[in-house]
Amino acid sequence: MKQLSSYTHLFFDLDGTLTESAPGIMNSARYALAQYGITDIPDSSLRKFIGPPLMDSFQEFFGFSPEKAREAMKKYREYFAEKGLFENSVYPGIRESLTALKSQGRKLFVATSKPEIYTNRILEKFELTHFFEFVGGADIEETRSEKAKIIEHVIKSAGLESQVQAGQILMIGDRKHDIIGAHKNKIPCCAVLWGYGNLEEFKENAADFVIEKPAELI
């Protein structure tokens, strides 16, 4: 198996990989659900919103129809755009690791299911924008939100088809969606244990690598 240090192009997930975003996501979901009289929701249920596309979460976890889920997504964003966006923090060691990876000449990208408009605001807020060659996310209506489509979007937008063929790209994320999406695009995935996934999830979905701290990427 190749070593982590051999990959020249690294795709990073955002939530649970670069930033600890749980507070803002959970508060936004709580706000949206309250509009439908759904209250007193345990944190364990709200944490399920971290990672998957919002449309999927409202339908899968609360039984909303597609129409109701789209409406709930707009309610979610009423809170998120004003407050939830920055109820967030950069994980310890991320900034140092990104700095080291850039100094090694590695090319860094973001591939997230969060809409690009919010992703860019978060990266700017935490002064991370300059690390990345390209930032790829969902469109605001989440017609492009499945992780495989996001990764494909980054590959095509950044002109990285030859790097895929050469086996130079590695996806880095904390949930099964990152692993599945990477493999659909014929690239390996490094799963991280500091986010919202766990070892059982990573084994079940055949993560190519599993690491415990950002410094292991260097």
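Residues numbered from 1 in each chain as written. Predicted model: local features only at pLDDT ≥ 70, side-chain atom pairs only at ≥ 80, totals over all residues. Heavy atoms only, no water.

I would appreciate a short explanation of the side chain of Asn 185 in the present structure.
With respect to the element layout, Asn 185 can be found in the loop between helix H9 (176-184) and strand E7 (189-192). A distance of 2.9 Å separates the side chain of Asn 185 from the backbone oxygen of Gly 181, its partner in a polar contact. Setting aside its immediate chain neighbours within four residues, Asn 185 contacts Ala 148, Ile 151, Glu 152, Ile 155 and Val 164. (Helix = DSSP H or I, 4+ residues; strand = E, 2+ residues; numbered from the N terminus. Polar contact = N/O pair within 3.5 Å; in protein donor to acceptor, adjacent residues only side chain to side chain. Contact = heavy atoms within 4.5 Å.)

What is the right way to look at a nonpolar patch on the surface in this model?
Taken together, the side chains of Leu 193, Leu 199 and Val 210 define a hydrophobic patch exposed on the protein surface, amounting to about 200 Å² of accessible area. Its place among the elements puts Leu 193 in the loop between E7 and helix H10 (199-204). (Patch = residues over 30% accessible without salt bridge, like charges linked within 9 Å, V, L, I, M, F, W, Y side chains within 5 Å. Areas by Shrake-Rupley, 256 points an atom, 1.4 Å probe, with all protein chains shown as cover. Salt bridge = Lys/Arg side-chain N within 4 Å of Asp/Glu carboxyl O.)

Whenever I open this one, the environment of Asn 185 confuses me. Can you help?
The class of Asn 185 is buried, set by a relative accessible area of 14%. Residues Asn 185 and Ser 162, 23 residues apart in the sequence, show an inter-C-alpha distance of 13 Å. A distance of 3.0 Å separates a polar side-chain atom of Asn 185 from the backbone oxygen of Ala 148. (Buried < 20%, exposed > 50% of the residue type's maximum accessible area, 1.4 Å probe, protein only.)

I tried to follow the packing of aromatic side chains on my own but got confused; where do I start?
Applying the stated criterion across every chain yields a total of 11 aromatic pairs. Pairing Tyr 31 with Tyr 79 gives two aromatic rings, centres 5.8 Å apart and planes at 35°, and the pair type is tilted. Residue Tyr 31 is located in helix H1 (residues 22-34), and its partner Tyr 79 is located in helix H4 (residues 66-82); the two are separated by 48 residues in the primary sequence. Judged by relative accessible area, which is 29%, Tyr 31 ranks as partly exposed. Here the aromatic rings of Tyr 36 and Phe 64 are separated by 5.3 Å at their centres, their planes lie at 65°, and the arrangement is edge-to-face. A residue pair is termed long-range when its members are at least 10 positions apart, and Tyr 36 in the loop between H1 and helix H2 (43-46) and Phe 64 in the loop between helix H3 (54-62) and H4 qualify at 28 residues. An aromatic cluster is defined as three or more aromatic residues linked by ring pairs; in this entry it consists of Tyr 36, Phe 49, Phe 58, Phe 61, Phe 62 and Phe 64. In this structure, Lys 68 is placed above the aromatic ring of Phe 64, and the distance from its NZ or CZ to the ring centre is 4.3 Å. (Phe/Tyr/Trp six-rings, centres within 6.5 Å; stacked < 30°, edge-to-face > 60°. Lys NZ or Arg CZ within 6 Å of the ring centre and 35° of its normal.)

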